[in-house]
Amino acid sequence: MKILVVGTGAREHAIVHALAHEADRTGAEPHELHAAPGNPGIGELATLHAVDQNDGVAVAALATGLGVDLVVVGPEAPLVAGVGDAVREAGIPVFGPSAEAARLEGSKAFAKDVMAAASVPTALAHVCTEVDQVAAAVDAFGAPYVIKDDGLAAGKGVVVTEDRQAALEHAAACFATPRRAADGTPEDPRVVVEEYLDGPEVSLFCVSDGATVVPLAPAQDFKRAFDADAGPNTGGMGAYSPLPWAPEGLVDEVVTRVAQPTIDEMARRGTPFVGVLYVGLALTSRGTRVVEFNARFGDPETQSVLTRLATPLSAVMLAAAQGRLAELGALRWHDDASVTVVVAAHGYPGAVRSGDPITGIDAAEEVEGVHVLHAGTARTGDGGLVAAGGRVLSVVARGADLAEARRRAYAAVDRIVLPGSHHRSDIAAKAAAGEVTLAG
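Residues numbered from 1 in each chain as written. Predicted model: local features only at pLDDT ≥ 70, side-chain atom pairs only at ≥ 80, totals over all residues. Heavy atoms only, no water.

## Some details on the sheet that holds strand β19 (residues 287-294)
Across the sheet, which stays open at both edges, the four strands sit in the order β13-β12-β18-β19 with antiparallel pairing between neighbours. Looking along the sheet, the strands with just one partner apiece sit at the ends: β13 (213-215) and β19. Strand-to-strand twist across the sheet, computed as the mean angle between neighbouring axes with direction ignored, equals 35 degrees. Here strand β18 (residues 274-284) pairs with β19 via seven bridges, running antiparallel. (Pairing = 2+ DSSP bridges. Helix = DSSP H or I, 4+ residues; strand = E, 2+ residues; numbered from the N terminus. Axes fitted to C-alpha atoms, helices over the stretch in contact; angles between N-to-C directions.)

Dropping the structure here:
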């Protein structure tokens, strides 16, 4: 197939990496891969095109000109901006929801409304339009306080804190940030205040063609910047899959109680959801609860999940885009484990330092079972690789179990040199040691 992947991050590199290596396993003809705009790592596997990923007209024109068979829209911003709609109008199959359906991520208040209509178990919440309402809501729920920006915030719009003043300050910052709808019209900022959910969190990607739901393998990510879940929230510092501690039947429960009812409700509203419904879960003392929905693959969980997928990813995405998921059959998975460690730039998740040279990637990939995915990287005029974002690289390792995957991942990280960088040293450590406990 000829496939165009839209996006710039490690998630998109993971998708391209999976697509590029399908022929190695199946013996089929390799795909012709394109990316818009991509990144230096993606450029080693696909042809890059300097197109604005949020410009639906430009992406549709590129896809038409290339004559692609499938467009995969990776990030949330292009989805909410309607890039998928523009490509569909050009008659090309798209893996990714419409702008209306992407509101499941674009507006947390909208997602709560859908969950209520579909009887999906989730945290109690108040939608607020001013700080006084936030203050009343946090006092009603009590600490820890959970404050969420209603709109897109690149994974940094959520604060969970015991500090009431910090919670109110985050809410005030959200209200002070101008918002625009997908059509460009100004919107009044809103903040969602939720009850705190105890217990470990799980990420489950559910692929949908608008009617049928096919779950992928569950994963767990690590949001805090530093070891032992210390420091500020980030877009994610690492992930692993599978989850040996997860309750038996968890995936079936989530499909039956969460994903399928949500997809059915979206179809009932006339906005069928096609693509990946990312279900963020908390396994609380009162049962499984939805923390959030996203309208695309999550980063960095995707890096660990897709490397374990044995069914060709292209077949899954094309079936979803064409409404044929029911014909696909059960997905096949490798029996091993995967651990992803994110290498972040100096200062992340605050003001980051760009331009630091990156070396050692080739040496890292000499470690058995390891590949390195680019996120925030760029090429200099002389071809050197430098940091150009907050999360710079994802080091992905597979092993017979989580302990082996961890050893390989960190052996590879140790070979990468990026001045001022930092990473967590405890990704999947508790799971590998059998120390993850459910709320009870």
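## Some details on the side chain of Thr-161
Here Thr-161 is to be found in strand β8 (residues 158-161). You can call Thr-161 buried: its relative accessible area is 15%. A polar contact is formed between the side chain of Thr-161 and the backbone nitrogen of Asp-163, at a distance of 2.9 Å. If near-sequence neighbours (up to four positions away) are discounted, Thr-161 is found in contact with Pro-144, Tyr-145, Ala-166 and Ala-167. (Buried < 20%, exposed > 50% of the residue type's maximum accessible area, 1.4 Å probe, protein only. Polar contact = N/O pair within 3.5 Å; in protein donor to acceptor, adjacent residues only side chain to side chain. Contact = heavy atoms within 4.5 Å.)

## Some details on the packing of aromatic side chains
With the rule as written, the count across this model stands at four aromatic pairs. Relative to Tyr-278, the ring of Phe-205 has its centre 5.5 Å away and its plane inclined at 45 degrees; by these criteria the two rings are tilted. Of this pair, Phe-205 sits in strand β12 (residues 201-209) while Tyr-278 sits in strand β18; the two residues are 73 residues apart in sequence, bridging distant segments of the chain. Like Tyr-278, Phe-205 is buried. By the ring-pair criterion, three or more aromatic residues cluster together here, those being Phe-95, Phe-205, Tyr-278 and Phe-297. Stacked on the ring of Phe-110, the Lys or Arg Arg-103 has its end atom at 4.2 Å from the ring centre. (Phe/Tyr/Trp six-rings, centres within 6.5 Å; stacked < 30°, edge-to-face > 60°. Lys NZ or Arg CZ within 6 Å of the ring centre and 35° of its normal.)

## Some remarks on the pattern of salt bridges
Considering all chains together, one arrives at 25 salt bridges under this definition. Of the charged contacts, one joins Glu-194 and Lys-112 as a salt bridge, the two residues approaching to 3.1 Å between their closest N and O atoms. Pair noted here: Glu-194 is in strand β11 (residues 191-194) and Lys-112 is in helix α7 (residues 108-117), with a separation of 82 residues, a long-range link. When its relative accessible area of 14% is taken as the criterion, Lys-112 is described as buried. Put simply, Arg-164 and Asp-139 hold a salt bridge, and the shortest N to O gap is 2.9 Å. Remark: Asp-139 occurs in helix α8 (residues 131-141) and Arg-164 occurs in helix α9 (residues 164-176); sequence separation between them is 25 residues. According to the relative accessible area criterion, Arg-164 is partly exposed, its value standing at 32%. (Salt bridge = Lys/Arg side-chain N within 4 Å of Asp/Glu carboxyl O.)

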